Amino acid sequence: MAEHVYKKIEIVGSSPNGFEEAVQNALGRAKKTIRNMRWFEVSETRGYIDDGKIAHWQVTLKIGFTLDD
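Predicted model, so just to flag it, every value in this text is computed and none were measured. (Residues numbered from 1 in each chain as written. Predicted model: local features only at pLDDT ≥ 70, side-chain atom pairs only at ≥ 80, totals over all residues. Heavy atoms only, no water.)

**A short note on the environment of Ala-55**
Structurally, the position occupied by Ala-55 is in strand β3 (residues 53–66). Expressed as a C-alpha distance, the spacing of Ala-55 and Glu-41, which sit 14 residues apart in the sequence, is 23 Å. For Ala-55, the contacting residues outside a window of four places in its chain are Pro-16, Tyr-48 and Asp-50. (Helix = DSSP H or I, 4+ residues; strand = E, 2+ residues; numbered from the N terminus. Contact = heavy atoms within 4.5 Å.)

**What about the nonpolar core?**
Counting residues in each nonpolar core, the largest one holds 10 residues, listed as Ala-22, Val-23, Ala-26, Leu-27, Ala-30, Ile-34, Val-59, Leu-61, Ile-63 and Phe-65. At the level of secondary structure, the elements contributing two or more residues to this core comprise α1 (19–30) and β3. Per-element tally for this core: the top contributor is α1, with five residues. (Core = buried A, V, L, I, M, F, W, Y, C linked by side-chain atoms within 4.5 Å. Buried < 20%, exposed > 50% of the residue type's maximum accessible area, 1.4 Å probe, protein only.)

**Here we look at the sheet that holds strand β1 (residues 6–15)**
Strands sit in the order β1-β3-β2 across an open sheet of three strands; the sheet is antiparallel. Two strands close off the open sheet at either side, each with one partner strand: β1 and β2 (37–50). Going from strand to strand, the sheet's axes swing by 15 degrees on average, the running direction of each strand aside. Pairing between β1 and β3: 10 bridges, direction antiparallel. When the bridges of β3 are listed, Gly-13 appears paired with Val-59. Packed on one face of the sheet, α1 meets β1, β2 and β3 and runs near 40 degrees to β3. (Pairing = 2+ DSSP bridges. Axes fitted to C-alpha atoms, helices over the stretch in contact; angles between N-to-C directions.)

**Notes on the environment of Arg-29**
Position of Arg-29 among the secondary structure elements: in helix α1. Arg-29 sits in the partly exposed class, given a relative accessible area of 48%. The sequence separation of Arg-29 and Ile-11 amounts to 18 residues, and the corresponding C-alpha distance is 9.9 Å.

**Description of the environment of Asn-25**
Topologically, Asn-25 is positioned in helix α1. Assessed through its relative accessible area of 36%, Asn-25 is described here as partly exposed. As for Asn-25 and Val-12, which are separated by 13 residues in sequence, their C-alpha atoms are 9.2 Å apart. Excluding residues that lie within four positions of it along the chain, Asn-25 makes contacts with Ser-14 and Ser-15. A polar side-chain atom of Asn-25 sits 2.9 Å from the main-chain carbonyl oxygen of Ser-14. (Polar contact = N/O pair within 3.5 Å; in protein donor to acceptor, adjacent residues only side chain to side chain.)

Structural data, given as structure tokens:
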């Protein structure tokens with residue numbers, strides 16, 4: 001493995017349709033402005049309850065990306 005240096009940021013994605021879509025929404029938006037993304041970690045999961053049912057998901061992601069040379 002090459003000697004990489006990573007920077008790590010934290011973002012929050014959301015979706016009314018589920019956990020996985022919330023992750024996809026976060027990564028999809030991040031790729032518009034962040035280059036060289038290599039990994040992510042889900043650090044928190046939350047949900048909004050409406051009338052006793054899950055109405056919305058939120059996930060906090062830590063994203064690691066390599067720095068430009």
